[in-house]
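Structural characterization, general
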Amino acid sequence: MKVLIVGGGGREHAIAASVAKSGKVKKIYCAPGNAGIAQIAECVPIGVMEFDALTAFAVEKGVDLVIVGMDDPLVGGLVDVLEAAGLRVFGPRKNAAILEGSKAFSKDLMKKYGIPTAAYETFDSPEAALAYLEKAPMPIVLKADGLALGKGVLICRTPEEAKAGVVSIMQEKQFGDAGNRLVIEEFMTGREVSVLSFVDGKTIRTMTSAQDHKRAGDGDTGLNTGGMGTFSPSPFYTPEVDAFCQKYIYQATVDAMAAEGRPFQGIIFFGLMLTEKGPRVLEYNARFGDPEAQVVLPRMKSDIIEVMEACIDGSLDKVELTFADNAAVCVVLASGGYPVSYEKGFPITGLERFAQKEDVFCFHAGTKEAGGSIVTNGGRVLGITALGKDLKAARAAAYDAAAWVSFEKKYMRHDIGKAIDEAEQ
Ligand code: AMP
Ligand code: GLY
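With that out of the way, let us pick up the site of ligand 1. As a matter of local geometry, ligand 1 sits amid 13 residues, with E185, E186, M188, E192 and E283 nearest to it. At 3.0 Å from an oxygen atom of ligand 1 is found a side-chain nitrogen or oxygen belonging to K214. Note that an oxygen atom of ligand 1 is positioned 2.8 Å from one of the side-chain N or O atoms of E283. For ligand 1, whose accessible area on its own is 470 Å², the fraction buried by protein is 92%. Of all the secondary structure elements, the ones that give two or more residues to the shell around ligand 1 are β7 (140–144), β8 (153–156), β9 (182–186) and β16 (278–285). Residue composition of the shell around ligand 1, grouped by class: six nonpolar, no polar and seven charged.

Moving on, we get to helix α6 (residues 103–113). Within α6, burial applies to K103, A104, F105, S106, K107, L109 and M110. With a side-chain oxygen positioned 3.4 Å from the backbone nitrogen of A104, the residue opening α6 is S102. Looking one or two residues past α6, G114 carries a phi angle of roughly 65°, positive in sign.

Mapped onto the elements, P263 comes out in the loop between α9 (239–259) and β15 (265–275). Overall, the relative accessible area of 47% leaves P263 in the partly exposed class. Separated by 62 residues in sequence, P263 and G201 place their C-alpha atoms 4.8 Å apart. Those residues in contact with P263, other than ones at most four positions away along the chain, are A96, G201, M257 and A258.

Quick look at the site of ligand 2 now. Residues in close proximity to ligand 2 include D212, G226, N285, R287, G289, D290, P291 and E292, which together make up its full environment. G226 places a main-chain nitrogen or oxygen 3.3 Å from a nitrogen atom of ligand 2. In the environment of ligand 2, an oxygen atom lies 2.9 Å from a nitrogen or oxygen atom belonging to the backbone of D290. Here the residues of the shell around ligand 2 sort into one nonpolar, three polar and four charged.

Rules of the game
Residues numbered from 1 in each chain as written. Chains lettered and ligands numbered in written order. Predicted model: local features only at pLDDT ≥ 70, side-chain atom pairs only at ≥ 80, totals over all residues. Heavy atoms only, no water. Near = heavy atom within 4 Å. Polar contact = N/O pair within 3.5 Å; in protein donor to acceptor, adjacent residues only side chain to side chain. Areas by Shrake-Rupley, 256 points an atom, 1.4 Å probe, with all protein chains shown as cover. Helix = DSSP H or I, 4+ residues; strand = E, 2+ residues; numbered from the N terminus. Nonpolar A, V, L, I, M, F, W, Y, C, P; charged D, E, K, R; others polar. Buried < 20%, exposed > 50% of the residue type's maximum accessible area, 1.4 Å probe, protein only. Contact = heavy atoms within 4.5 Å.

Written as C-alpha coordinates, this is what we have:
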(Lines give C-alpha, C1' and ligand atoms only; values in the text may rest on other atoms or scores of the structure.)
(Ligands and ions follow the chains in the order given, each with its own letter.)
Protein backbone atom coordinates (compact mmCIF):
# COMPACT_ATOMS: atom_id res chain seq x y z
CA MET A 1 0.00 0.00 0.00
CA LYS A 2 1.17 3.56 -0.75
CA VAL A 3 0.38 6.26 1.77
CA LEU A 4 0.65 10.05 1.47
CA ILE A 5 0.81 12.08 4.69
CA VAL A 6 0.03 15.79 4.40
CA GLY A 7 1.94 18.00 6.83
CA GLY A 8 5.46 18.48 8.06
CA GLY A 9 5.67 18.78 11.84
CA GLY A 10 6.26 16.59 14.86
CA ARG A 11 2.71 15.23 14.62
CA GLU A 12 3.26 14.09 11.03
CA HIS A 13 6.60 12.49 12.01
CA ALA A 14 4.82 10.55 14.77
CA ILE A 15 2.06 9.53 12.31
CA ALA A 16 4.67 8.48 9.74
CA ALA A 17 6.50 6.39 12.36
CA SER A 18 3.25 4.58 13.21
CA VAL A 19 2.37 4.09 9.55
CA ALA A 20 5.86 2.68 8.91
CA LYS A 21 5.19 -0.02 11.53
CA SER A 22 2.15 -1.30 9.63
CA GLY A 23 2.81 -4.47 7.71
CA LYS A 24 0.44 -3.23 4.99
CA VAL A 25 2.53 -0.25 3.90
CA LYS A 26 5.20 -0.45 1.24
CA LYS A 27 5.81 3.23 0.51
CA ILE A 28 5.23 6.46 2.42
CA TYR A 29 5.20 9.93 0.85
CA CYS A 30 4.99 13.08 2.90
CA ALA A 31 4.18 16.60 1.67
CA PRO A 32 6.11 18.65 2.54
CA GLY A 33 7.65 16.61 5.41
CA ASN A 34 10.88 17.53 7.16
CA ALA A 35 14.41 16.17 7.66
CA GLY A 36 13.30 13.55 10.21
CA ILE A 37 10.34 12.32 8.18
CA ALA A 38 12.70 12.02 5.21
CA GLN A 39 14.40 9.11 7.02
CA ILE A 40 11.25 6.97 6.72
CA ALA A 41 9.30 8.58 3.87
CA GLU A 42 9.89 10.25 0.52
CA CYS A 43 9.28 13.95 1.11
CA VAL A 44 7.84 15.99 -1.74
CA PRO A 45 8.00 19.79 -1.81
CA ILE A 46 4.26 20.48 -2.05
CA GLY A 47 2.66 22.84 0.46
CA VAL A 48 -0.32 21.70 2.54
CA MET A 49 -2.61 24.33 0.96
CA GLU A 50 -1.68 23.41 -2.63
CA PHE A 51 -4.78 21.24 -3.06
CA ASP A 52 -4.49 20.74 -6.82
CA ALA A 53 -0.81 19.81 -6.69
CA LEU A 54 -1.41 17.38 -3.80
CA THR A 55 -4.28 15.75 -5.68
CA ALA A 56 -2.30 15.46 -8.92
CA PHE A 57 0.64 13.94 -7.05
CA ALA A 58 -1.50 11.36 -5.22
CA VAL A 59 -3.28 10.35 -8.43
CA GLU A 60 -0.05 10.12 -10.42
CA LYS A 61 1.67 7.94 -7.80
CA GLY A 62 -1.37 5.70 -7.30
CA VAL A 63 -1.57 6.52 -3.59
CA ASP A 64 -3.97 4.16 -1.77
CA LEU A 65 -4.53 6.31 1.34
CA VAL A 66 -4.02 10.00 2.07
CA ILE A 67 -3.75 11.08 5.72
CA VAL A 68 -4.36 14.77 6.36
CA GLY A 69 -2.75 15.75 9.65
CA MET A 70 -3.12 19.52 9.85
CA ASP A 71 -5.98 21.86 10.69
CA ASP A 72 -5.64 24.44 7.90
CA PRO A 73 -6.05 22.05 4.95
CA LEU A 74 -8.80 20.10 6.77
CA VAL A 75 -10.81 23.23 7.50
CA GLY A 76 -10.10 24.45 3.96
CA GLY A 77 -11.64 21.30 2.45
CA LEU A 78 -8.65 19.29 1.22
CA VAL A 79 -10.41 16.01 2.01
CA ASP A 80 -13.33 16.92 -0.30
CA VAL A 81 -10.96 17.85 -3.12
CA LEU A 82 -8.98 14.60 -2.82
CA GLU A 83 -12.15 12.50 -2.61
CA ALA A 84 -13.55 14.18 -5.70
CA ALA A 85 -10.52 12.81 -7.55
CA GLY A 86 -11.39 9.29 -6.37
CA LEU A 87 -8.78 9.06 -3.61
CA ARG A 88 -9.26 7.34 -0.25
CA VAL A 89 -8.68 9.87 2.52
CA PHE A 90 -8.44 9.74 6.30
CA GLY A 91 -9.73 12.98 7.79
CA PRO A 92 -12.97 14.96 8.13
CA ARG A 93 -14.61 16.67 5.16
CA LYS A 94 -14.94 20.43 5.23
CA ASN A 95 -18.47 20.35 6.64
CA ALA A 96 -17.24 18.30 9.62
CA ALA A 97 -13.84 19.97 10.12
CA ILE A 98 -15.83 23.06 11.08
CA LEU A 99 -15.92 21.44 14.52
CA GLU A 100 -12.40 22.90 14.87
CA GLY A 101 -12.68 25.65 12.26
CA SER A 102 -15.37 27.66 14.05
CA LYS A 103 -15.56 28.01 17.81
CA ALA A 104 -19.02 29.58 17.45
CA PHE A 105 -20.18 26.47 15.57
CA SER A 106 -18.76 24.09 18.16
CA LYS A 107 -20.19 26.05 21.08
CA ASP A 108 -23.65 26.16 19.44
CA LEU A 109 -23.43 22.41 18.78
CA MET A 110 -22.61 21.67 22.42
CA LYS A 111 -25.40 23.92 23.63
CA LYS A 112 -27.97 22.38 21.26
CA TYR A 113 -27.07 18.81 22.23
CA GLY A 114 -26.45 19.37 25.94
CA ILE A 115 -22.72 18.57 25.86
CA PRO A 116 -21.07 20.05 28.98
CA THR A 117 -19.00 23.17 28.24
CA ALA A 118 -18.49 26.72 29.54
CA ALA A 119 -21.37 29.21 29.19
CA TYR A 120 -20.79 31.67 26.31
CA GLU A 121 -22.10 34.33 23.98
CA THR A 122 -21.15 34.93 20.35
CA PHE A 123 -20.59 38.42 18.87
CA ASP A 124 -20.36 39.64 15.28
CA SER A 125 -19.59 43.25 16.14
CA PRO A 126 -17.04 44.79 18.50
CA GLU A 127 -19.66 47.25 19.81
CA ALA A 128 -21.91 44.44 21.04
CA ALA A 129 -18.97 42.59 22.58
CA LEU A 130 -17.78 45.73 24.37
CA ALA A 131 -21.29 46.43 25.69
CA TYR A 132 -21.55 42.86 27.01
CA LEU A 133 -18.26 43.26 28.88
CA GLU A 134 -19.70 46.17 30.91
CA LYS A 135 -21.56 43.68 33.11
CA ALA A 136 -19.63 40.45 32.59
CA PRO A 137 -17.93 38.68 35.52
CA MET A 138 -14.11 38.55 35.50
CA PRO A 139 -11.91 36.71 34.66
CA ILE A 140 -13.38 36.03 31.24
CA VAL A 141 -12.21 34.22 28.11
CA LEU A 142 -12.17 35.68 24.58
CA LYS A 143 -11.90 33.30 21.64
CA ALA A 144 -11.45 34.28 18.02
CA ASP A 145 -13.96 32.18 16.07
CA GLY A 146 -11.59 30.87 13.39
CA LEU A 147 -8.19 29.16 13.24
CA ALA A 148 -5.39 31.21 14.80
CA LEU A 149 -2.44 28.81 15.17
CA GLY A 150 -3.65 27.88 18.64
CA LYS A 151 -3.19 31.47 19.82
CA GLY A 152 -6.68 32.89 19.40
CA VAL A 153 -7.67 32.55 23.07
CA LEU A 154 -7.21 35.41 25.56
CA ILE A 155 -7.83 35.00 29.27
CA CYS A 156 -8.65 38.43 30.68
CA ARG A 157 -8.54 39.32 34.37
CA THR A 158 -10.03 42.84 34.21
CA PRO A 159 -12.67 44.59 32.08
CA GLU A 160 -9.91 46.85 30.67
CA GLU A 161 -7.89 43.83 29.53
CA ALA A 162 -10.99 42.25 28.02
CA LYS A 163 -11.95 45.41 26.14
CA ALA A 164 -8.41 45.76 24.80
CA GLY A 165 -8.69 42.11 23.68
CA VAL A 166 -11.92 42.79 21.77
CA VAL A 167 -10.29 45.74 20.01
CA SER A 168 -7.22 43.73 19.11
CA ILE A 169 -9.13 40.66 17.86
CA MET A 170 -12.18 42.26 16.19
CA GLN A 171 -10.95 45.70 15.11
CA GLU A 172 -7.19 45.43 14.67
CA LYS A 173 -7.60 41.84 13.39
CA GLN A 174 -4.68 40.42 15.37
CA PHE A 175 -5.64 36.97 14.06
CA GLY A 176 -6.94 38.15 10.69
CA ASP A 177 -10.39 37.00 9.56
CA ALA A 178 -10.43 34.45 12.40
CA GLY A 179 -11.52 37.41 14.53
CA ASN A 180 -14.58 38.42 12.49
CA ARG A 181 -16.66 36.70 15.15
CA LEU A 182 -15.84 36.39 18.81
CA VAL A 183 -16.91 33.91 21.45
CA ILE A 184 -16.88 35.28 24.99
CA GLU A 185 -16.83 32.46 27.47
CA GLU A 186 -17.09 31.78 31.19
CA PHE A 187 -13.68 31.24 32.84
CA MET A 188 -13.28 27.75 34.27
CA THR A 189 -10.60 26.25 36.50
CA GLY A 190 -9.33 22.70 36.77
CA ARG A 191 -6.89 20.20 35.32
CA GLU A 192 -6.67 20.02 31.53
CA VAL A 193 -6.65 16.70 29.71
CA SER A 194 -6.46 15.92 26.01
CA VAL A 195 -8.33 12.87 24.74
CA LEU A 196 -7.88 11.92 21.09
CA SER A 197 -10.23 9.56 19.33
CA PHE A 198 -10.82 7.75 16.06
CA VAL A 199 -14.28 8.28 14.58
CA ASP A 200 -16.00 6.62 11.59
CA GLY A 201 -19.07 8.85 11.40
CA LYS A 202 -21.04 6.89 14.00
CA THR A 203 -18.66 4.90 16.21
CA ILE A 204 -15.95 6.49 18.36
CA ARG A 205 -12.91 4.79 19.90
CA THR A 206 -10.94 6.95 22.31
CA MET A 207 -7.19 6.71 22.68
CA THR A 208 -5.23 6.88 25.91
CA SER A 209 -5.25 10.32 27.61
CA ALA A 210 -2.51 12.95 27.48
CA GLN A 211 -1.71 16.38 28.83
CA ASP A 212 -0.02 19.26 27.05
CA HIS A 213 1.98 22.20 28.44
CA LYS A 214 0.92 25.19 26.34
CA ARG A 215 2.86 28.03 27.95
CA ALA A 216 6.40 28.82 26.84
CA GLY A 217 7.99 29.06 30.29
CA ASP A 218 8.53 26.88 33.36
CA GLY A 219 5.70 27.05 35.89
CA ASP A 220 3.19 27.76 33.09
CA THR A 221 4.48 31.29 32.58
CA GLY A 222 4.92 33.24 29.35
CA LEU A 223 3.01 33.12 26.11
CA ASN A 224 0.84 30.34 24.75
CA THR A 225 2.63 28.10 22.26
CA GLY A 226 1.60 25.17 20.09
CA GLY A 227 2.74 22.95 22.98
CA MET A 228 6.08 22.61 24.80
CA GLY A 229 5.74 19.03 25.97
CA THR A 230 3.25 16.28 26.79
CA PHE A 231 2.84 13.19 28.86
CA SER A 232 0.51 10.20 28.61
CA PRO A 233 -1.51 8.92 30.37
CA SER A 234 -2.84 11.70 32.60
CA PRO A 235 -3.00 10.53 36.23
CA PHE A 236 -6.09 12.73 36.64
CA TYR A 237 -8.04 10.97 33.91
CA THR A 238 -9.58 8.36 36.20
CA PRO A 239 -12.01 5.60 35.18
CA GLU A 240 -14.81 7.75 36.70
CA VAL A 241 -13.87 10.73 34.52
CA ASP A 242 -13.67 8.45 31.50
CA ALA A 243 -17.08 6.95 32.24
CA PHE A 244 -18.63 10.44 32.48
CA CYS A 245 -17.02 11.60 29.23
CA GLN A 246 -17.95 8.42 27.36
CA LYS A 247 -21.56 8.95 28.44
CA TYR A 248 -22.03 12.69 28.05
CA ILE A 249 -19.31 13.97 25.71
CA TYR A 250 -17.69 11.58 23.23
CA GLN A 251 -20.55 9.66 21.64
CA ALA A 252 -22.81 12.70 22.11
CA THR A 253 -20.46 14.77 19.92
CA VAL A 254 -20.33 12.14 17.18
CA ASP A 255 -24.12 11.73 17.25
CA ALA A 256 -24.62 15.51 17.19
CA MET A 257 -22.43 15.89 14.10
CA ALA A 258 -24.29 13.06 12.35
CA ALA A 259 -27.66 14.59 13.28
CA GLU A 260 -26.51 17.91 11.79
CA GLY A 261 -25.77 16.17 8.48
CA ARG A 262 -22.04 16.55 9.08
CA PRO A 263 -20.84 13.00 9.80
CA PHE A 264 -17.32 13.17 11.23
CA GLN A 265 -14.71 10.72 9.94
CA GLY A 266 -11.16 11.11 11.29
CA ILE A 267 -9.70 12.25 14.58
CA ILE A 268 -11.65 14.22 17.17
CA PHE A 269 -9.40 15.76 19.81
CA PHE A 270 -11.32 16.64 22.97
CA GLY A 271 -9.65 19.39 25.01
CA LEU A 272 -11.23 18.83 28.42
CA MET A 273 -11.14 20.67 31.71
CA LEU A 274 -11.83 18.66 34.84
CA THR A 275 -13.78 21.25 36.84
CA GLU A 276 -15.32 20.89 40.28
CA LYS A 277 -18.66 20.41 38.55
CA GLY A 278 -17.30 17.64 36.35
CA PRO A 279 -15.55 17.41 32.98
CA ARG A 280 -16.27 20.20 30.47
CA VAL A 281 -15.21 20.57 26.83
CA LEU A 282 -12.72 23.45 26.35
CA GLU A 283 -12.36 22.92 22.63
CA TYR A 284 -12.49 20.41 19.82
CA ASN A 285 -9.80 19.84 17.25
CA ALA A 286 -10.35 17.85 14.07
CA ARG A 287 -6.90 16.22 14.04
CA PHE A 288 -4.22 14.70 16.23
CA GLY A 289 -2.78 17.15 18.77
CA ASP A 290 0.82 18.17 18.44
CA PRO A 291 2.71 17.21 20.65
CA GLU A 292 -0.04 14.91 22.01
CA ALA A 293 0.43 12.60 19.01
CA GLN A 294 4.08 12.25 20.00
CA VAL A 295 3.18 10.53 23.28
CA VAL A 296 -0.06 8.78 22.33
CA LEU A 297 0.97 7.12 19.05
CA PRO A 298 4.19 5.49 20.36
CA ARG A 299 1.99 3.77 22.97
CA MET A 300 -0.55 2.47 20.46
CA LYS A 301 -0.44 -1.28 19.83
CA SER A 302 -3.14 -1.46 17.14
CA ASP A 303 -2.13 -1.15 13.48
CA ILE A 304 -2.86 2.51 12.64
CA ILE A 305 -3.66 1.71 9.01
CA GLU A 306 -6.28 -0.88 9.99
CA VAL A 307 -7.90 1.63 12.34
CA MET A 308 -7.86 4.43 9.75
CA GLU A 309 -9.31 2.18 7.06
CA ALA A 310 -12.09 1.16 9.46
CA CYS A 311 -12.85 4.86 9.98
CA ILE A 312 -13.17 5.36 6.22
CA ASP A 313 -15.25 2.20 5.74
CA GLY A 314 -17.55 2.82 8.71
CA SER A 315 -16.50 -0.40 10.44
CA LEU A 316 -14.78 0.99 13.52
CA ASP A 317 -17.23 -0.93 15.73
CA LYS A 318 -15.37 -4.09 14.70
CA VAL A 319 -11.97 -2.72 15.74
CA GLU A 320 -10.41 -2.96 19.16
CA LEU A 321 -8.04 -0.13 19.91
CA THR A 322 -5.25 -1.11 22.28
CA PHE A 323 -2.47 0.76 24.02
CA ALA A 324 0.57 -0.46 25.92
CA ASP A 325 0.37 -0.41 29.70
CA ASN A 326 3.25 2.03 29.95
CA ALA A 327 3.79 5.79 29.86
CA ALA A 328 5.40 8.37 27.59
CA VAL A 329 6.80 11.87 28.05
CA CYS A 330 7.71 14.28 25.25
CA VAL A 331 9.96 17.31 25.79
CA VAL A 332 9.92 19.84 22.97
CA LEU A 333 13.24 21.43 22.02
CA ALA A 334 12.48 24.88 20.65
CA SER A 335 14.53 27.68 19.18
CA GLY A 336 15.10 30.50 21.72
CA GLY A 337 12.51 33.26 21.24
CA TYR A 338 9.65 30.94 20.21
CA PRO A 339 6.71 31.64 19.96
CA VAL A 340 7.49 35.27 19.03
CA SER A 341 10.62 35.49 16.90
CA TYR A 342 13.45 33.05 16.53
CA GLU A 343 16.31 32.29 14.20
CA LYS A 344 16.60 29.30 11.89
CA GLY A 345 19.42 27.45 10.18
CA PHE A 346 21.53 26.27 13.15
CA PRO A 347 23.15 22.83 12.69
CA ILE A 348 21.79 20.11 15.01
CA THR A 349 24.17 17.52 16.49
CA GLY A 350 23.62 14.34 18.48
CA LEU A 351 20.73 12.96 16.44
CA GLU A 352 22.52 9.70 15.61
CA ARG A 353 22.15 8.44 19.19
CA PHE A 354 18.42 7.92 18.63
CA ALA A 355 18.89 5.45 15.79
CA GLN A 356 19.88 2.63 18.17
CA LYS A 357 16.98 3.13 20.56
CA GLU A 358 13.60 1.41 20.62
CA ASP A 359 11.98 3.32 23.44
CA VAL A 360 13.31 6.82 22.80
CA PHE A 361 12.22 8.82 19.75
CA CYS A 362 13.34 12.08 18.24
CA PHE A 363 10.38 13.49 16.31
CA HIS A 364 11.33 16.34 13.99
CA ALA A 365 9.08 19.39 13.97
CA GLY A 366 11.02 22.25 12.37
CA THR A 367 14.13 20.83 10.69
CA LYS A 368 15.54 20.61 7.20
CA GLU A 369 18.53 19.22 5.42
CA ALA A 370 21.09 21.76 4.29
CA GLY A 371 24.51 21.02 2.87
CA GLY A 372 24.59 17.47 4.19
CA SER A 373 23.59 18.32 7.75
CA ILE A 374 20.29 18.79 9.56
CA VAL A 375 19.53 22.36 10.64
CA THR A 376 16.81 24.09 12.65
CA ASN A 377 13.92 25.34 10.54
CA GLY A 378 11.13 26.39 12.89
CA GLY A 379 10.14 27.50 16.38
CA ARG A 380 9.52 24.02 17.66
CA VAL A 381 12.50 22.04 16.39
CA LEU A 382 12.33 18.53 17.87
CA GLY A 383 10.10 16.49 20.18
CA ILE A 384 12.06 14.07 22.35
CA THR A 385 9.77 11.25 23.49
CA ALA A 386 10.67 8.44 25.86
CA LEU A 387 8.60 5.46 26.89
CA GLY A 388 8.89 4.11 30.42
CA LYS A 389 7.20 1.63 32.70
CA ASP A 390 5.58 4.60 34.42
CA LEU A 391 5.44 8.39 34.03
CA LYS A 392 8.44 9.07 36.25
CA ALA A 393 10.66 6.64 34.38
CA ALA A 394 9.50 8.06 31.05
CA ARG A 395 10.17 11.62 32.19
CA ALA A 396 13.69 10.82 33.42
CA ALA A 397 14.47 9.08 30.11
CA ALA A 398 13.04 11.95 28.04
CA TYR A 399 15.13 14.57 29.84
CA ASP A 400 18.26 12.37 29.54
CA ALA A 401 17.71 12.09 25.80
CA ALA A 402 16.92 15.81 25.46
CA ALA A 403 20.50 16.44 26.57
CA TRP A 404 21.95 14.33 23.73
CA VAL A 405 20.97 16.95 21.17
CA SER A 406 22.68 20.32 20.70
CA PHE A 407 21.95 23.36 18.57
CA GLU A 408 22.46 27.06 19.08
CA LYS A 409 19.62 28.76 21.02
CA LYS A 410 18.20 25.37 22.11
CA TYR A 411 15.38 26.04 24.58
CA MET A 412 13.12 23.70 26.55
CA ARG A 413 10.92 23.70 29.60
CA HIS A 414 12.34 21.87 32.60
CA ASP A 415 9.05 20.99 34.27
CA ILE A 416 7.23 18.89 31.69
CA GLY A 417 5.16 16.38 33.65
CA LYS A 418 5.19 18.24 36.95
CA ALA A 419 1.57 17.11 37.36
CA ILE A 420 2.98 13.61 37.78
CA ASP A 421 4.32 14.64 41.21
CA GLU A 422 1.23 16.69 42.03
CA ALA A 423 -0.94 13.62 41.44
CA GLU A 424 0.85 11.87 44.29
CA GLN A 425 0.13 14.62 46.82
P1 AMP B 1 -8.35 26.45 23.37
O2 AMP B 1 -7.56 26.85 22.16
O3 AMP B 1 -9.81 26.71 23.30
O4 AMP B 1 -7.98 25.10 23.92
O5 AMP B 1 -7.80 27.39 24.54
C6 AMP B 1 -6.43 27.45 24.81
C7 AMP B 1 -6.22 27.39 26.29
O8 AMP B 1 -6.92 28.46 26.93
C9 AMP B 1 -6.78 26.13 26.94
O10 AMP B 1 -5.89 25.07 26.87
C11 AMP B 1 -7.03 26.60 28.35
O12 AMP B 1 -5.82 26.58 29.08
C13 AMP B 1 -7.44 28.02 28.16
N14 AMP B 1 -8.91 28.14 28.14
C15 AMP B 1 -9.73 28.03 27.08
N16 AMP B 1 -11.01 28.19 27.44
C17 AMP B 1 -11.02 28.40 28.76
C18 AMP B 1 -12.05 28.63 29.74
N19 AMP B 1 -13.33 28.70 29.39
N20 AMP B 1 -11.67 28.79 31.03
C21 AMP B 1 -10.37 28.75 31.37
N22 AMP B 1 -9.36 28.55 30.52
C23 AMP B 1 -9.67 28.36 29.22
N1 GLY C 1 -1.26 20.63 21.49
C2 GLY C 1 -2.46 21.26 21.21
C3 GLY C 1 -2.89 21.18 19.81
O4 GLY C 1 -2.39 20.41 19.02
O5 GLY C 1 -3.77 21.92 19.44
